Amino acid sequence: MVSAPRMLQCHCPRWPGAFRCCAGPRRRFEKCRSPSYGPDPVRRGTAGVRWWRGRVRRALLDEGLRGEGDLMLHMVVPSTLVNRRHEARSYRIKVGSVPLVREELDLDDLRRRCKVQYCVSPSAALRGGTVEMYADREGKESIGKARAIQWIEAAVAIGSHVYQLSDGEWYECGATYVESMKRRMQELIVPEPEVDMLPWKVGESEEDYNIRMQDTLGRGRYLCLDRKFNRTRQQSRGKGYEACDGLTDRHTLVHVKAAESSEPLSHQFAQALISTRTLYNEPDARAKFSAKVAELSGGQLTVPENFVPGKIVLAILLKGKELTPDSLYPFAQVALVALADTLRRDHGVIVEVVGIPSDSSDSAGGTIRAEG
């Protein structure tokens, strides 16, 4: 009896995907493990470079779907269905043989289904799957369906080239876009912030930092809301959602993050987007936020029950360097500009970015306790 061939999984950017363990693919698999991969010498010229970049894009998308690497992924509604988004009460994710019906569309659900399709790469599984919208919670009254990859947006930088995944296709952003993004970064990073962020001490956690900000400035000027979760009708999973890490006396939401890569910043941007949309769209979220602020501040800081944010501040500590438009990681730059433009367009919310200074001893190689 001949056993089925074992599957080898290749995770490098040159030959992503699973290969059967036979002579040809094995040589290909071994070849791709070489540390000096690049455009295939056989495929010379512009076409070869484009082919190689396509391989890299697919490999980076695979990493992002596995929850690895620096790729920023966001759930979006495809352009063909966006006009009926408000009618949706549930979604059916069909990637592989097992469908999932969810009242809320979660990136983790889509990732989970892509990761368990062992015979194909996650990006191939995403292209082969579908997501369908339903007007009822049971998943019976269909509104419309699109390929699963059309529900994902991503941006990647490969050298000096920036590519965006939108509606299932990759588009290269031209030089005009790149220059425009740099100008937006200069606008977002403000030299004179509303609140002076204290230097981050070596080994200090995010929660400890926010508590120290509160103790130094006083609860009437900066209230620590880190890990203070609220559950609402829409944000009912687990602990709920976190509105912000700190609230200023001008009712500005502050989101704090220490980062040595773009991955922690992805969490920060997602938190800012979710909390802002939740406060704008859910009356019970606004009421609970108002009550939480009054309780934790002891009445020193209050917000009305109909409070919605007009401005948010993203306070960022970059390991070993000052925060500037050029020092921020390329993936984070693209995602940050997209976040700021989305919140300004949808809700009129102003986004400001502030660099957190590091303690002088941190530059000597201390460890930052960056929390997810």
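Residues numbered from 1 in each chain as written. Predicted model: local features only at pLDDT ≥ 70, side-chain atom pairs only at ≥ 80, totals over all residues. Heavy atoms only, no water.

Trainee: Where do I start with the overall build of the protein in this structure?
Mentor: When you go through the protein residue by residue, the secondary structure sums to nine helices and 17 strands. The proportion of buried residues among the 372 residues of the protein is 47%. Long-range pairs, those at least 24 residues apart, make up 61% of the contacts in the protein between residues at least 6 apart in sequence. Accessible surface, the protein as shown: approximately 18,600 Å² in total, 48% of it carbon and sulfur. (Helix = DSSP H or I, 4+ residues; strand = E, 2+ residues; numbered from the N terminus. Buried < 20%, exposed > 50% of the residue type's maximum accessible area, 1.4 Å probe, protein only. Contact = heavy atoms within 4.5 Å. Areas by Shrake-Rupley, 256 points an atom, 1.4 Å probe, with all protein chains shown as cover.)

Trainee: How should empty space enclosed by the protein be read in this particular structure?
Mentor: Rolled over the atoms, a probe as big as a water molecule pinpoints where empty space is left. Going through the model one piece at a time under the given rule, you end up with one cavity of 30 Å³ or more. Roughly 40 Å³ of volume is contained in the largest cavity. As for the largest cavity, its lining consists of Leu225, Lys228, Asn230, Ala243, Phe289, Lys292 and Val293. Residue classes in the lining of the largest cavity are distributed as four nonpolar, one polar and two charged. (1 Å grid on protein atoms, 1.4 Å probe; cavity = no way out; pocket = protein on both sides within 12 Å on 5 of 7 lines; lining within 4 Å. Points joined across faces, edges and corners; volume = space filled by probe spheres on them. Nonpolar A, V, L, I, M, F, W, Y, C, P; charged D, E, K, R; others polar.)

Trainee: What am I meant to see in the pattern of salt bridges here?
Mentor: Between side chains of opposite charge, a pair can form as their charged atoms come close. Counted by the stated rule, this structure contains 13 salt bridges. Among the salt bridges present, the one from arginine 112 reaches aspartate 109, with a minimum N-O distance of 2.8 Å. A residue pair is termed a helical-turn pair when its members lie 3 or 4 positions apart in one helix, as arginine 112 and aspartate 109 do in helix H3 (residues 107–115) at three residues. On the accessibility criterion, arginine 112 (44% relative accessible area) is partly exposed. On the accessibility criterion, aspartate 109 (4% relative accessible area) is buried. Between arginine 212 and glutamate 204 there is a salt bridge, with the nearest N and O atoms lying 2.8 Å from each other. Overlapping salt bridges, with partners in common, bring together Arg102, Asp109 and Arg112 in one network. (Salt bridge = Lys/Arg side-chain N within 4 Å of Asp/Glu carboxyl O.)

Trainee: What am I meant to see in the packing of aromatic side chains here?
Mentor: Two aromatic rings, taken as a pair, are described by how far apart their centres are and by the angle between their planes. By the definition in use, this model includes three aromatic pairs. Considering the side-chain rings of tryptophan 200 and tyrosine 209, the 4.5 Å spacing of their centres and the 5 degrees angle between planes classify their relative orientation as stacked. Each of the two residues, tryptophan 200 as well as tyrosine 209, counts as buried. Between phenylalanine 289 and phenylalanine 307, the ring centres sit 5.5 Å apart and the planes meet at 20 degrees, which makes this aromatic pair stacked. With phenylalanine 289 in helix H8 (residues 283–297) and phenylalanine 307 in the loop between H8 and strand S16 (311–318), the pair connects residues that are 18 residues apart, well separated along the chain. Here phenylalanine 289 matches phenylalanine 307 in class, with each residue buried. (Phe/Tyr/Trp six-rings, centres within 6.5 Å; stacked < 30°, edge-to-face > 60°.)

Trainee: Mind showing me how you'd approach the pairing of strand S15 (residues 253–259) here?
Mentor: Look at any regular strand and the pattern is simple: side chains alternate between the two faces of the sheet. The element S15 is largely enclosed, with a buried count of seven among its seven residues. Residues Leu253, His255, Lys257 and Ala259 of S15 are buried on one face, and the alternating residues Val254, Val256 and Ala258, pointing to the opposite face, are buried as well. Where strand S14 (residues 246–248) meets S15, two bridges bridge the pair, whose relative direction is antiparallel. Across the sheet, the residue bridging to leucine 247 is leucine 253, located in S15. (Pairing = 2+ DSSP bridges.)

Trainee: I keep staring at the layout of surface pockets and nothing clicks. Help me out?
Mentor: Within this model, the second largest pocket holds a volume of roughly 230 Å³. Lining the second largest pocket are 14 residues, and of these Val190, Glu322, Leu323, Val354 and Gly355 lie nearest its centre. The set of elements that each furnish at least two residues to the lining of the second largest pocket consists of S16 and strand S17 (350–355). The element that contributes the greatest number of residues to the lining of the second largest pocket is S16, accounting for three residues. Residue classes in the lining of the second largest pocket are distributed as eleven nonpolar, one polar and two charged.

So yeah, pure geometry; function would need other evidence.
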